[in-house]
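Listed below are the residues making up each chain.
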Amino acid sequence: SLSTVPAHITHGSNKEPPHPSLIMMLPEGPIRDDDEEARVAPVWKRNERLVYASNFLHMAMYTMCLGGIFDNFLYSVSEESHMLVSDPMTLGGDAQPQSHLLLDTYSTFKLALSIRPLSRVSYAADSSCVQSYTCASSIVHITDGSGNGDCCREGNRMPMLAFVNGSTRLWLSMDADGQSQALDRRSYNMLQHCEAGPELPLGAWTNVKIEAKGADQSKGQMNNTSLGGAVQLFLNGTKVCEVPGTGFHKLPSRQGAHVFLGSMVAPLADEHLPADAQVAQLTYGRPASNMFVGVVNSLQGVLSVVIMFPIGWLGDRVNRYTILKWNVLVGAVGASFLFAAVWYVNLPLLFAGICVFTVYQQCISGLLNAVLADNVPKSMRTRAGGNYKIFSALAMSLAPALQVLVALSGLSSNAWTRETFAAMLLPGWALLIGVALAVGSMRAVGSSISDLPNVDEVQPPADSPLRGRSQRLSEAWLEEPVFFSAKRATLVAVSANVFFITTLLANGMTVRYLNLYFTQILKFGPVQLCLLNAVCRLFIAGFVWATRPLASLLGRCNLAIVFHLGSAIFTLGIYGGHAYEPGMWAACASYFLRYACLHARDPLLYAITMDVVPPNQRSRWAALNSLRTLSFSASAVLGGYLADLHGYVFSFDITVIALLASTVTILPAWLYFPRSEGAVAATVADCGASPATASSCATTTAPSSVAPLFGDQTRSLSLLADLHGPAAETSAEEVTGAKA
């Protein structure tokens, strides 16, 4: 039956049906239909625009409600604080002695206050305090009242803050579990006190913070973690001294401990004079923890990993457009929980909202990528992926810009308060309505779920704008076994996505803490942080747009590696990488470039993956791309632990090392998906110009936008040519038309 090739196939002039044996050799594939392409092309373009709109509104909502401000909200929630004194209170001098307060103390705590020294308090030269080692003027003294209440039983000082005799230099003393109960004051002072270097200015307010914590919460600020922990004294955010723990780092916790402002009063007696000063904004509570921020974000990451492939599998099996519409209701439930959690500062509602919203987040992020691939031809997917990132960056710039307007409008202050968090976080949930409208306006495409085909089910005519003059991928080249029995397409897709996930694991240790680094270390307020992120996202949009031509110049894999290495280098630039101390502007510039490199890299990995995987597996592979938004938060808990233990800089170091090490995982894709991408420069139109050129194109280059259109017909034509020589060669377009 293969001995002859019917003339009507060779010349395309006879309308008789093709030879049955040839039909058997040509499996089902896309059909050339000028009218069909003209009918459905506007739907594809409209869906593409709706994907951009949905993603824009979703990312604006996500950034405004769960972005950098939300990370600071989580950090503040982890800090349990009780206000003991709000308005200025005068101690010593002519002021009446202050009655003591009752307080439940913690083994790790943070005590903060503002103090304004009014005068220096001095003891007489012949005072007995010299012999009893009590020559200090007391500011704050927390004690359980055991013994004489002052010293030196465990629980007598938890802690005690005072001025050194005749000065305004701070003197801090604390107890520790396991200390000797037989210590005299001199021995106790030698072991368990520290003094701040400079004196506090008279008549001026100074912010004082005392933190008692273990080595696992030292944030890299503890001199000797081998002792288990310490109490640290900070003046205006700068550490000035620490008291090492003895035996064990934790203070004894007490219920109903006494808090004295100035000297102790009845029923206890005090040998210390009260300080002559004013105190205000005195708070006591548990210190904030990066670990809590990591736990919340890791919950998102772990849940995303669990539901990632089920959602992708479901999107490939049923109507993904319908899933997107129902998913908005899931988002509304999660938004309701998170709204109430911020408003009432309620942890159970917070965790419930995170779990529900993560399902919505994973679903919309993964399926939008698959829908985009349904409606954009392969020749345009790198551009579409870049547009997707540009709109994401613009949305992530709009969100902090709106938050700046909220702050400047007077609805919130430029301070990290509960009211500020509510004003900046809650309005963003209204954008979910826009997401619902955009998703609901999409029209399903794909022969299995709609009467309209997707882009891979229709062969555009030669003059269609959907055909571009770009390099294409050869299906035969992609199907070629390159590593044992592994096909090139499979190996490239796996390598690109393993690289993607490993870099997200590395970045997950850092990305949730960069905003905290700017607020806790560089002391950015809400307005400064929002401006930083607003400008950063605009910079990302411009950077992604400006670097798009580099993909064809350098090759997609090559460019992805360049951007990846750039992100690692600029991460070092944020904090100096131990080589130098960057100024604020240098840190901000490195912050911009780090994110720009990451966001310019991701469309390349997306386009490579969507070009090489079968269309019926897109949702599953696109589900991996959706992890970008969550920055693979499963590793955030490790980053939080390292930040608490050694400080932000140490966790950044580990991130850079992990990023450089992850470069190995992209090497298979780099090796088997070179700059030429297995094709010569040819266009679909050129391939259909004549039978000779079409056959040559189809059998040697099989462009990426052609290969899925012709399917296995190309290989069948190649077989005919091998068996019968030039006489058997025929135009791929003619064969496809004959089959139709």
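Residues numbered from 1 in each chain as written. Predicted model: local features only at pLDDT ≥ 70, side-chain atom pairs only at ≥ 80, totals over all residues. Heavy atoms only, no water.

Caption draft 1: Representation of helix α10 (residues 381-408) in the model. Under the 1.5 Å per step criterion, the end-to-end length of α10 is 41 Å for 28 residues, consistent within 8% with the ideal 40 Å. Count one or two residues on from α10 and you reach Gly410, which has phi positive near 95°. (Helix = DSSP H or I, 4+ residues; strand = E, 2+ residues; numbered from the N terminus. Expected span 1.5 Å × (residues − 1).)

Caption draft 2: Fine view of the state of the cysteines. Enumeration over the complete set of coordinates arrives at three disulfides. Linked covalently through their sulfurs, Cys129 and Cys135 form a disulfide whose S-S length is 1.7 Å. One quick way to see it: the torsion about the S-S bond of Cys129 and Cys135 is about 90°, and its sign makes the bridge right-handed. The class of Cys129 is buried, set by a relative accessible area of 3%. (Disulfide = S-S within 2.5 Å. Buried < 20%, exposed > 50% of the residue type's maximum accessible area, 1.4 Å probe, protein only.)

Caption draft 3: The arrangement of the packing of helix α15 (residues 514-521) against helix α19 (residues 584-612) in detail. Where α15 meets α19, the axes come as close as 12 Å, and the angle between the chain directions of the two elements is 170°. Compared by their axis directions, α15 and α19 come out roughly antiparallel. Judged by residue contacts, Leu514, Asn515 and Phe518 of α15 engage Ala587, Cys588, Tyr591, Arg594 and Tyr595 from α19. Classifying every residue of the contact of α15 with α19 gives six nonpolar, one polar and one charged. (Axes fitted to C-alpha atoms, helices over the stretch in contact; angles between N-to-C directions. Parallel < 35°, antiparallel > 145°, perpendicular 65-115°, else oblique. Contact = heavy atoms within 4.5 Å. Nonpolar A, V, L, I, M, F, W, Y, C, P; charged D, E, K, R; others polar.)

Caption draft 4: Spatial organisation of a nonpolar patch on the surface. A contiguous nonpolar surface patch, about 400 Å² in accessible area, is contributed by Val664, Leu667, Trp670 and Leu671. What makes Leu667 partly exposed here is its relative accessible area of 39%. (Patch = residues over 30% accessible without salt bridge, like charges linked within 9 Å, V, L, I, M, F, W, Y side chains within 5 Å. Areas by Shrake-Rupley, 256 points an atom, 1.4 Å probe, with all protein chains shown as cover. Salt bridge = Lys/Arg side-chain N within 4 Å of Asp/Glu carboxyl O.)

Caption draft 5: Quick peek at the side chain of Ser495. The residue Ser495 is located in helix α14 (residues 488-508) in this model. With relative accessibility at 5%, the residue Ser495 sits in the buried group. For Ser495, the residues in contact, after removing those within four places along its chain, are Thr665, Ile666, Leu667, Pro668 and Ala669.

Caption draft 6: Local environment of the confidence of the model for the protein. Counting all residues, the mean pLDDT for the protein is 78, and 79% of those residues have values of 70 or more. Per-element confidence in the protein is highest for helix α12 (residues 431-440), whose mean pLDDT is 96, and lowest for helix α27 (residues 707-710), whose mean pLDDT is 32. Every residue in residues 215-228 is under pLDDT 50, and counting partners more than four places away or in other chains gives 48 contacts. (pLDDT = per-residue confidence, 0-100.)

Caption draft 7: Spotlight on the packing of α14 against α19. Interhelical geometry of α14 versus α19 gives an angle of 155° and a closest axis separation of 9 Å. The orientation of α14 relative to α19 falls into the category roughly antiparallel. Two packed elements cross with a definite hand, and for α14 against α19 that hand is left-handed. Each of Ala489, Val492, Ala493, Ala496, Asn497, Phe499, Phe500, Thr503 and Asn507 in α14 lies in contact with α19, whose residues at this interface are Arg594, Leu598, Arg601, Asp602, Leu605, Ile608, Thr609 and Val612. (Left-handed = near helix turned anticlockwise from the far one by under 90°.)

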